[in-house]
Each structure stands twice: as structure tokens, then as C-alpha cells.
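Observations on chain architecture
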Amino acid sequence: MTFTDTTETQDLTARAAVDWRKRHGRSAIVFVYRFGVVMVLGALVIAFSILLPTTFFTTGNFITIMSSQSIFMIMALGLTAPLAAGDFDLSIASVLGFAGAMFGYLTVLHGIGMALALVIVVLIGIFVGLLNGTLVVRYEINAFIVTLGTGTILGGITVAITGGQVLSGIPTSIVNTMRMTLFTLPLPVYIGLGFAVLTWYVYEHTPAGRQLFFTGESREAARLAGIAVNRVRAIAFLVAAIMSTIAGIILVGQLSVADPSIGPDYLLPTYAAAFLGATTIKPGRYNSWGTVVALYLLVTGITGLQLFGLASWIQQVFNGAALVIAVMLARVAAIKAPDIA
Amino acid sequence: MSGSTPSASEVLPLLSIFNCAKTFGETKALKSVDLEIYPGEVHALIGQNGSGKSTLIKILAGYHEPDPGATLKARGEILPLPLTPARATRLGLAFLHQDVGMAPSLSIVENLLVNRYHTGRFGRLRWKYERARVRDLLAQFGLHLDPELPVRLLTRGEQALLGIIRAWSILEERGGGVMVLDEPTASLPEADVDRLFEVLRGVRHRRSSALIVSHRLDEVTAIADRISILRDGKLVASVATEGAEHQSLVDLMLGREALIRYHGGNRTRRIEETVLTVDMLSGRLLKGATFSVRKGEILGVTGLTGMGQDELPYLLCGANRRTTGEIQISGVRLDDQKPAEAFHAGLATLPQDRQRQGGFLTATAAENITASTISKYFHHGWMDRRREESAAMQSMEHYRVVPEQPKRRFQAFSGGNQQKALLARLMQTQPKVIVLHEPTQGVDIASRQHILAAIARSAEEGTGVILVSIEHNDLAQLCDRVLIVSRGRIVAELAGDEISELAIARSCHLGSDAQTRDHAASEPQEDSLI
């Protein structure tokens, strides 16, 4: 054929346009799928900044938001390990409370030196993690039940060693350390972000991270693919316990008191962040930056609403809603875009 | 074929759908398909994986909404689309999936009569009456089972038959309808396939029809009155089975795609030293298995379903606990219960259930392929993604995994391609021995040929292969030796020229009467579990 029919040309152009729209429509879906939570965070920040220029859009508030999240961040990052391996760990909040109380008990009530107290507390944290892992893996007991049990026991011991009292007189060296600032942000913020980088590195760039994901994805398949599933699961519990212990010690430094009743409040927000985090950046996988973004989304929403004058109950409502919505979104995304990894 | 196909002028179709199309995003899964099912016929719908069979069935089941323009008629009456699952049932459509959907701990009566009990006064269940009713129903289909038996004690084949009987009895109560069977033979041993077909033939003499969805042409030609062939979403032919030539049906099904046939027997064998020795291996069902595999040898292991051969792959790789026995790979003893160690020693396993035991569904194809060799791509404290993906890409090309997109999610691939990707994973570990459990189960013809060719190729390269399968055809094509398992014991061994589909089938059915191997004969038989 020596010439091109005009209708054919038009047809081709039209088809090209449709193709373009389809392709770009597709990548737009993929973009929203990956960065939806980030976009919501951005929208919230902008909206609150416009609506509350004097209270929300201030350096003070920014610092408060950043620093209030370091404990949650360390906890949530630690929690992603058992979750990624397919296990629940409900003991993390009790470990947090217990670590702080134990540190207070050793230093305040027994006058033990800070360094030694730190070593003892971390060793107990390791013991709890190993205990959880052993009971779940070796004796094949449901992780939910095991960690509910160990967490409750730790909660009891926490009350026992402190007599239910808030312990003050925590060594000033740790209090001062935790209050050190760099570029106006306190040290725990950097510790939290440091853990985020470490988690990101392990999850995304080492075989261990891949094995962890495989274990959670299908334990049976992972086992038959030659992955030491039991070891992976046990290590995940260990990681969660150690991270919670570290978070507990930092929290005592931040508060300068050991409060035996503080642990349980940390459970739900941590889970909400980890679940919401698994719906973004790397949807369908527990991932480091997703968890960080999710955490900031939650705190930004809550802070903004509180600055609007809503009472503190909004925190529970917001976290609870975020938890359910996060899981729902993950479900919808998995149905709508089954081939995007 | 005994049943004559009624022509459209004589009888109204029980069910017909015209101009049925379905588009998912950019892909057209179905393109204007017409399908008519007449009363009393067994109609087969065949096509390769991805040809649109399951899409069509899901439209009939009311799970998918067809594109606008489709027309559905039942007994000549036009019905509005889309269907809902509830309306499909009311129309007289009964669906039977691969997973039969029985409650394993409940009895046969309870499973057969879900929600259809005849109640006496005060809503009391008349158990005695129901039991007798069920016993009669089963007997009609040649099944003599105690209705009180919990379903979990039945074989897979019996459970499948029960599913058909349940669906059929529901249809008959409603005055007839179409029973849709999705790959009914996929997980059945051949003996049960025969029984299943016997039951289906019974359907033909009644008011109901059956629509069988399958990718196994050889099976459906034996049972169907008419065959409709789907290819790339189009209905390419709908022909009476009588007088249709097998080869032309295959060509219709595959289209232009060249069929790669593996010709057994012309492999250049380099059978040298022994790579695997198994001594007195026992598990739950398998008892005292003793055999060895040489380098480059393909050893088949088969038997009727439930005879214990299914346990072998998992005992070998250490996934299941063994009660006795020793396994050595090139002189290295394998410990029990440590699949990772078996991998390390050079024994790689392809499990039967690729969805649950094989693949990581939401992981990418590349991640699945490199799952057992991840550390190979870890350099200077960093995962080398580019090398990983290019290695996966190469594997995908080599094992013909399509589409060749390493970043696509595993679950988005068709069954045959998933299986090829898993085979690629095994071979990435450069194993000394591979243990394959039903590698061609539920895959389309082309993939099956690719998989068989890949197995032959790896044996040629010196890998010892253990092929545990009930596909006698596969075994006959590939194996150097075939072990027959009956009641947990290796009761016969076929080698070289003795191996044929017929000989394997015969040995399986003869079981322990067949030529008995010495150690099996000397063992006490009372601990048999079947």
C-alpha cells in the first residue's frame, strides 16, 4: 500500500490515545497504590497547616510530633519482624513497660549502677524474646496465646517490682542523654530513624529480609524452599523483644520516671502503624519506611484534631479506625491489583 | 459414543449463552463466545490454561459480569445478565470445583443433605429415614459406603464422587439442570476417574446435563458427547465427539503454537555413580522403602492414590518426620526434619501443591525463582537486584515461563507457568537430586511438554530425578525405572523396555500380587494402613 487511508490514520491515532490513557491510567493506579498513605499524610499536613497556622504550623509542634514518635517507631519497627514472619507478638507493650520498670527498680530501689542495670534489663529482654520464640516454634503453640501469656506475666511482675508506684530518681545521666538535642531534635528521634534505616537495610537488602518475608508469606513453601523457618521465626520474636526493651529504656530516660502502668497504651498504636505501614511504599509487605510514614500519619491526624479542640479520646478513635481501614485498604489493593509487587 | 446429540431443531437447549465477552482491564479474556448445552448431554469445554475456560464458567456461576451484549437463555427463555450465584443455582446450575467443598469431620449423610433434610413433627430430623435415603442414592451410583462415615475417612476419589452425587441430586429435585465440573479429574487416580465417568454417564440418561471443564483431551473424548474448544478467549470449534479426530482436536486447542513433543528413549544416558541411597525409609504410610538413584537417572515412583508414595518426597526432603530409615546423598547422611539441610546437601523438592507449598504468591516471579539461592546474590553487604533479576530472566526464558516479566507477581501467572517457575527455582540450586511430586498436575498441554522436556534435560545434565506421579503417561515417557508402591511398600520395579503406560497401570492395580521385591516380602504385613 502506497498511501495511508485517512480513516485508518485517525483510527491509529485514536487507538494510540486510548493506549496512552490506559497505560498511564494503570501507572496512576500503581502510584496511588504505593504512595496513597504518603499522599494522605501530605494532604493532612497541608490542610492542618492552612487551617491552624498558629498552632499546627509551628516549629514547636513539628518537634513535638517528631519526638513523640520515637518510642512508637522503635516498637513498630521491631513488631514488623514477627508480623512479617506471620506471627503476632502481643507481649511487646508489656516488655516496654517491664523494661522501664526493671530499670527503675534496679537503679532507684537497689542503687545498681546504670551500665550494669542496662545490661541486666537487655539480658532479660533477650530472655523474654527467646522464651516467646521457643514456646512458639519448639512447642508449636499459637503465638497469639504465648505472647498474650508472657505479656500478662510481665505486666504482673512490673507491678510487683515497683509496688505499683511511679519510681522517680532515675539516674540523671540517662535522662540527660535522652534530652540531648541535635538540630533542635532530641536524640531518641535519631535513634528511631537509625533503626528505620537498619530495618530497611535488613528487609530490602539482605537475604535475611527476603527469608523473613517468605516465612510469613507461606511457611510451608518457605520450609520446602530450604529456608530454616523455625530459626527465622524465633529470631523475629527475639528482635521484637529487644527493640521493645530498648524503647522501654529510652522512654524512662525521656520521662525521667519509671511508670509501671505505661506499657499497655503502646500496644494498639504500634499495631496500627505496622499494619498501615504494610499497605504503602511496598504494599503487601511489612516494610520500614511504610511503617515510619504510617506512624507520622497517625500522629499528625491525632495532633491536628486535638489542636482543633477535640479531647484526647480522639486518639483511640483515630488509631482504631486507622487499624481497620489499613487492613481493609490492603485487602482492596490486593484484589484490584493482583499482579503489582 | 452411545448418546446421540440432539440437534437444535428438535430440542431446546437447557442452557445457552450467546456473544459472551469479558474484558479485564486491557486483556480480553473472552471474545464473543456462544455455548449451548442440550438436555442429557455430557459437554466438554476444553482449552489450555488461560484460554478463557474458567472466565466463562465464572460468568455462568455469577462471579463475573460479562461485557454488555451477551444473551443468556434457559430452555429458550431469555434471562437477564449478570447472574448472581443465587440465581445461577435457581436456574439449575450446579458447580463442582476441584476442591469439592465437603466438611471433612461430618458424615456422608450430613454432607449430602446440607439444608435439605426432611423434618418430622416439631422440626425433628428423621435420621433413620435420611440414612436409608442416602444409602439408596449412593447405591444408584455404585457406591457402597456407610452413610454414617465421616467424609475425611473417604479417599479423594470417593469425596469427588460424593460431590457429584450431591450436585446431581440437588438438580434432580429441581427438575433437571446443568452440572458444571471444573477439572474433576485433576487430583484423581485413574481408577477413580473411571468411576467418575461411570457416574457421569448415568447423568446422560436423565434430565440433567453435565459440562466438564478440562485440559485433558484424552479424558474428555472418552466421556463427552460434544466438545467445545476455547483458544485465546475464542470458541474455535464445537464438535460432536463421534467422528472427531484426536489430532485435529489437539491442533484446534493449541492453534499455531508449535507443540513440543518430547521423544523418550533417545536420551544419551550417562548413568554412573549413585547419588542417592535410601535405606528402610518409613513414615506414616510408607514402610521400609529401599532404593537408590544414579546420576542422570529418572526414577519414577507411582501407585494408586493413598498407597504411600505421596509421602516419599516429604520424607526425603525432611519436611515430614520419618519413623525409621536412612538417606544419603553422595555419601552425606541427611538428618530428619531439616529441609534446609537437604537442600544444602543437594536434594531439591518440587512439592505437589504449588499454591500452598510451592510458590510465594505475592512475591515476584524473580523472588520466587531465586528463593532457594538468595545468598548467591548478596555481595558486599547488599542484595544485587540487577543480577538477581537477570538470572531470573534467563531462567524464565530457559524454562519458558511467560510472560517473561520477573517483576510480575507469582499469583498473576497461570498454573503451568507457576510450575515452570518453581522448576526453575529448583534447578537454580544446581541439585544432585531433584524430587518432583506430580509436576504436570493441573497444567496445560504445552506447559506439560515444556516441563517434561526440562526434566529430561536436567537428567541429561547429570541430575538424579525422582518423579513421584500418578500420570502413567509421563512416567512411561521419561523414566529409566519405575517403582510401584502398594500399601506403603515398594512391590514392583519396572525397568527399561518393560516400562509402558499399560505395564505401569497393570502393576499398580495388581499391587502386592505383582512381582514382589525381596525385602518387601520378608516384612510383616499387618501394619499396613490402608
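Residues numbered from 1 in each chain as written. Chains lettered and ligands numbered in written order. Predicted model: local features only at pLDDT ≥ 70, side-chain atom pairs only at ≥ 80, totals over all residues.

1. Looking at the overall build of chain A
What chain A contains, in helices and strands, is 14 helices and 4 strands. When burial is assessed residue by residue, chain A has 48% of its 341 residues classed as buried. Looking at chain A alone, contacts between residues at least 24 apart form 77% of all its contacts between residues at least 6 apart. (Helix = DSSP H or I, 4+ residues; strand = E, 2+ residues; numbered from the N terminus. Buried ≥ 20, exposed ≤ 12 C-beta atoms within 10 Å, placed from the backbone. Contact = placed C-beta atoms within 7 Å.)

2. Here's the deal with the packing of helix 3 (residues 70-84) of chain A against helix 12 (residues 267-277) of chain A
Residues and elements named next belong to chain A. Close contact between helix 3 and helix 12 brings their axes to 9 Å; oriented N to C, the two are set at 60°. Considering only the axes of helix 3 and helix 12, their crossing is right-handed. Residue-level inspection shows Phe72, Met75, Ala76, Leu79, Thr80 and Leu83 of helix 3 in contact with helix 12, the latter providing Pro269, Thr270, Ala273 and Ala274. For the contact of helix 3 with helix 12, the residue count by class is 8 nonpolar, 2 polar and no charged. (Axes fitted to C-alpha atoms, helices over the stretch in contact; angles between N-to-C directions. Left-handed = near helix turned anticlockwise from the far one by under 90°. Nonpolar A, V, L, I, M, F, W, Y, C, P; charged D, E, K, R; others polar.)

3. A look at the confidence of the model for chain B
Residues and elements named next belong to chain B. Overall, the prediction assigns chain B a mean pLDDT of 79, with 84% of residues at 70 or greater. Low confidence marks residues 1-9, where pLDDT is under 50. Its contacts with residues over four positions away, or in another chain, come to 14 contacts. Counting interchain partners and residues more than four positions distant, the pLDDT-below-50 stretch residues 512-530 has 29 contacts. Scored as a complex, the prediction yields pTM 0.69 and ipTM 0.78. (pLDDT = per-residue confidence, 0-100.)

4. Regarding helix 12 of chain A
A large share of helix 12 of chain A lies buried, amounting to 9 of its 11 residues. Along helix 12 of chain A, the positions that sit buried rather than exposed are Pro269, Thr270, Tyr271, Ala272, Ala273, Ala274, Phe275, Leu276 and Gly277 of chain A.

5. Thoughts on the environment of isoleucine 59 of chain B
Residue and element names in this part refer to chain B. Within the secondary structure layout, isoleucine 59 lies in helix 1 (residues 53-61). Considered as a pair, isoleucine 59 and proline 85 are 26 residues apart in the sequence and their alpha carbons are 9.5 Å apart. Dropping the residues within four chain positions of it, isoleucine 59 is found in contact with Cys20, Lys22, His64 and Pro66.

6. Some details on the packing of helix 8 (residues 187-205) of chain A against helix 13 (residues 288-307) of chain A
Residues and elements named next belong to chain A. Closest axis-to-axis distance for the helix 8/helix 13 pair is 8 Å, and the angle between their directions is 145°. From helix 8, Ala196, Thr199, Trp200 and Tyr203 reach across to helix 13, where they touch Ser288, Trp289 and Val292. Of the residues contributing to the contact of helix 8 with helix 13, the split by class is 5 nonpolar, 2 polar and no charged.

7. So, the pairing of strand 14 (residues 324-329) of chain B
Residue and element names in this part refer to chain B. When strand 11 (residues 274-282) meets strand 14, the two strands line up antiparallel, connected through 5 bridges. Within strand 14, the residue paired with serine 282 across the bridge is threonine 324. Of the pairings in the sheet, the one linking strand 14 to strand 15 (residues 332-333) comprises 2 bridges and is antiparallel in character. Paired with glutamine 328 across the two strands is arginine 333, which belongs to strand 15. Two successive antiparallel strands, strand 14 and strand 15, enclose a turn made up of 2 residues, where serine 330 displays a positive phi of approximately 45°. (Pairing = 2+ DSSP bridges.)

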